[in-house]
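Commentary on secondary and tertiary structure
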Amino acid sequence: MNEPWTELEKIDVLRERMGIGYEEARTALNLAQGDLLKALDDLEKVRNGLGQDWSFEERGQGILDSVKSTISSISHSTISLKRHDNTIISLSAPLGLALAYTIWRKPGLRMLALVGAVGAAINHFELEVASKEDYSHDEGTGEF
């Protein structure tokens, strides 16, 4: 009785038949949900220009640009606690996130914060997140 192929054996078959590296073979096998024949078919379609192309550099650059944009928008935002259009307190978003994380990590402070949030909601306090539009991000250099 034959035992099923291991993932490494399937990757080796893909590498030998398609002339590709480990990373591309592993990605193709993962996308095919472990089905070796489907992975071979998908890679054949890519080779013939009919299927999905797995360009890791382009995907990586796209992810990096998205992360840069998100960090830029967060770093140029403020969080304000308001009541009837009067600002009670205003913090930069990174500082507000750090403070919220610190409070949430402490069980005693977490309960106090939840009680405070309920009280603030009952008394019509508002939490406002605003982004400053006067910043520029240079895509080419990655500088802000």
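Residues numbered from 1 in each chain as written. Predicted model: local features only at pLDDT ≥ 70, side-chain atom pairs only at ≥ 80, totals over all residues. Heavy atoms only, no water.

1. Quick look at the overall build of the chain
Under the convention used in this document: For the purposes of this entry, the term helix denotes a DSSP run of H or I that reaches at least four residues, the term strand denotes a run of E that reaches at least two, and both are numbered from the N terminus. Think of it in three bands: with a 1.4 Å probe and only protein chains considered, a residue is buried below 20% of the maximum accessible area for its type, exposed above 50%, and partly exposed in between. Here, two residues are considered to be in contact whenever any of their heavy atoms come within 4.5 Å of each other.
What the chain contains, in helices and strands, is 6 helices and 3 strands. Secondary structure elements of the chain occur, N-terminal to C-terminal, as α-α-α-α-β-β-α-α-β. Classification of the 144 residues of the chain by burial places 17% in the buried group. Long-range contacts, defined here as pairs at least 24 residues apart, represent 41% of the contacts in the chain between residues at least 6 apart.

2. Let's talk about the pairing of strand S2 (residues 86-92)
What counts here: One requirement defines pairing of two strands: DSSP has to find at least two bridges between them.
Pairing of strand S1 (residues 77-83) with S2 involves 6 bridges; the strand directions are antiparallel. Opposite isoleucine 79, over in S2, you have leucine 91 as the bridge partner. The hairpin turn running from S1 into S2, its antiparallel successor, is 2 residues long, and histidine 84 in that turn takes a positive phi close to 55 degrees.

3. Notes on helix H2 (residues 22-31)
Turning to H2, its buried residues are Ala25, Thr27, Ala28 and Leu29. Just downstream of H2, glutamine 33 is the residue with a positive phi angle, here 55 degrees.

4. Looking at a nonpolar patch on the surface
Where we set the bar: The patches described consist of residues with a relative accessible area above 30% and no salt bridge, like charges being joined within 9 Å and nonpolar side chains (Val, Leu, Ile, Met, Phe, Trp, Tyr) within 5 Å. For accessible areas, the Shrake-Rupley method is used with a probe of radius 1.4 Å. Any residue's cover is judged against the shown protein chains and nothing else. By convention in these notes, a salt bridge is any Lys or Arg side-chain nitrogen within 4 Å of a carboxyl oxygen on Asp or Glu.
Together, Trp104, Met111, Leu114 and Val115 line one region of the surface with nonpolar side chains, adding up to about 430 Å² of accessible area. Per element, the largest residue contribution to the nonpolar patch is 3 residues, and it comes from helix H6 (residues 107-122). For methionine 111, the position within the fold is in helix H6. Classification of methionine 111 by relative accessible area gives exposed; the value is 52%.

5. Comments concerning the packing of aromatic side chains
The test is simple: Working definition: rings of Phe, Tyr and Trp (its six-membered ring) pair if their centres are within 6.5 Å, and the pair is stacked with planes under 30 degrees apart, edge-to-face with planes over 60 apart, and tilted otherwise. A ring is considered to have a charge above it if a Lys NZ or an Arg CZ atom is located within 6 Å of its centre and within 35 degrees of its normal.
A full pass over the atoms with the stated rule returns 0 aromatic pairs. The ring of tyrosine 22 is capped by arginine 15, whose NZ or CZ atom sits 3.9 Å from the centre of that ring.

6. As for the packing of helix H1 (residues 7-18) against H2
The cut-off we apply is this: In this analysis, axes come from line fits to C-alpha atoms, helices being fitted only over the stretch in contact, and the angle between any two N-to-C directions falls in the range 0 to 180 degrees. Here the word oblique covers every angle except those under 35 degrees (roughly parallel), over 145 (roughly antiparallel) and from 65 to 115 (roughly perpendicular). When the near helix sits turned anticlockwise from the far one by under a right angle, the crossing is termed left-handed; a clockwise turn instead gives a right-handed crossing. By the convention adopted, Pro, Cys, Tyr, Trp, Phe, Met, Ile, Leu, Val and Ala count as nonpolar, Lys, Arg, Asp and Glu as charged, and the other residues, Gly among them, as polar.
Packing of H1 against H2 leaves a shortest axis separation of 9 Å and a crossing angle of 115 degrees. In this view, H1 runs roughly perpendicular relative to H2, as classed from their interaxial angle. As H1 runs across H2, the sense of the crossing is right-handed. Between H1 and H2, the residues in contact are Glu7, Leu8, Lys10, Ile11, Asp12, Leu14 and Arg15 and Tyr22, Ala25, Arg26, Leu29 and Asn30, respectively. Taken together, the residues of the contact of H1 with H2 break down into 6 nonpolar, 1 polar and 5 charged.

7. Re the sheet that holds strand S3 (residues 125-131)
Pairing within the open sheet is antiparallel, and its 3 strands lie in the order S2-S1-S3. Either end of the sheet is taken by a strand with one partner, and the two such strands are S2 and S3. On average, each strand axis in the sheet is inclined to that of its neighbour by 25 degrees, with strand direction left out of account. Against the sheet, helix H5 (residues 93-105) makes contact with S1 and S2, and its axis sits at roughly 90 degrees relative to S2, the strand it touches most.

8. Quick word on unusual backbone geometry
Even without glycine at this site, glutamine 33 takes up a positive phi of about 55 degrees. For glutamine 33, a relative accessible area of 75% gives the class exposed. The phi dihedral of histidine 84 is positive, around 55 degrees, even though this residue is not glycine. Turning to its location among the elements, histidine 84 is positioned in the loop between S1 and S2.

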